[in-house]
Amino acid sequence: DLHLLFESHRMFIAPHLYGSGIQFKLSEALSSGIPCVMSKLSADAFGITEESEVACIGSDPKSFTSCVLSLDGDELGWNKIQENGMLFIQQTHSRQKVLKDWKGVIQEAT
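What you see is a predicted model, and the numbers here were worked out from it, not measured in a lab.

Take the pairing of strand E2 (residues 36–39) next. Because side chains alternate across E2, one face comprises the buried residues Cys36 and Met38, and the other comprises Val37 and Ser39, equally buried. In terms of strand pairing, strand E1 (residues 12–14) meets E2 through three bridges, oriented parallel. Bridging from a neighbouring strand, Ile13 pairs with Val37 of E2. Of the pairings in the sheet, the one linking E2 to strand E3 (residues 56–58) comprises three bridges and is parallel in character. Note on E3: the bridge partner recorded for Val37 is Cys56. This β-α-β element, E2 to helix H3 (residues 40–46) to E3, shows right-handed connectivity.

This is the structure in structure tokens:
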């Protein structure tokens, strides 16, 4: 059960430089309230910018390390990223949002 695993971890770290289904893993972590540190590639795939404060985005080893250390040592920042991550997933990946988007696609096609 992923929820048990997520409950025992403070953050999800995804330094991926290529796509390999990592968006599914990040979606699960964000929706479970686990703040994420992710690569710019992963953030771009989601449309997440640094300004949105949905996740901490690392573009090189130094900035990745900085993200991990700052999230781990800043309770207010951790809470903000956690809340923004869950809100982002609710707004972009919720069942209602996906159904609405698919209805639009089907209506356009018919």
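A separate point is the packing of aromatic side chains. Enumeration over the complete set of coordinates arrives at one aromatic pair. Both rings, one in Phe46 and one in Phe88, keep their centres 6.1 Å apart while their planes meet at 70°; by these two values the pair is edge-to-face. Of the two residues, Phe46 is situated in helix H3 and Phe88 in helix H5 (residues 75–93); the sequence distance between them amounts to 42 residues. An identical accessibility class is assigned to Phe46 and Phe88; each is buried.

For the rest of this paragraph, the subject is the packing of helix H2 (residues 22–31) against H5. Relative orientation of the contacting elements H2 and H5 amounts to 120°, with a least axis distance of 8 Å. Judged by the inter-axis angle, H2 sits oblique to H5. In terms of crossing hand, the pair formed by H2 and H5 is left-handed. Facing H2, whose interface residues are Ser27, Leu30 and Ser31, H5 presents Gly85, Met86, Ile89 and His93. When the residues that make up the contact of H2 with H5 are grouped by side-chain class, the tally is three nonpolar, four polar and no charged.

Before going further, it helps to examine the environment of Gly85. Along the chain, the position of Gly85 falls in helix H5. Judged by its relative accessible area of 1%, Gly85 is buried. In this structure the C-alpha to C-alpha distance between Gly85 and Glu7, which are 78 residues apart in sequence, comes to 16 Å. For Gly85, the contacting residues outside a window of four places in its chain are Leu30 and Val54.

As a further point, take the sheet that holds E1. Within the open sheet, the three strands sit side by side as E1-E2-E3. Their pairing is parallel. Both outer strands of the open sheet, E1 and E3, are each paired with one neighbouring strand and no more. Across this sheet, the average inter-strand angle for adjacent strands is 15°, counted without regard to direction. With respect to the sheet, H2 is in contact with E1 and E2, its orientation differing from that of E1 by roughly 160°.

About the cut-offs
Residues numbered from 1 in each chain as written. Predicted model: local features only at pLDDT ≥ 70, side-chain atom pairs only at ≥ 80, totals over all residues. Heavy atoms only, no water. Buried < 20%, exposed > 50% of the residue type's maximum accessible area, 1.4 Å probe, protein only. Helix = DSSP H or I, 4+ residues; strand = E, 2+ residues; numbered from the N terminus. Pairing = 2+ DSSP bridges. Right-handed = clockwise from strand over helix to strand, strands pointing away. Phe/Tyr/Trp six-rings, centres within 6.5 Å; stacked < 30°, edge-to-face > 60°. Axes fitted to C-alpha atoms, helices over the stretch in contact; angles between N-to-C directions. Parallel < 35°, antiparallel > 145°, perpendicular 65-115°, else oblique. Left-handed = near helix turned anticlockwise from the far one by under 90°. Contact = heavy atoms within 4.5 Å. Nonpolar A, V, L, I, M, F, W, Y, C, P; charged D, E, K, R; others polar.

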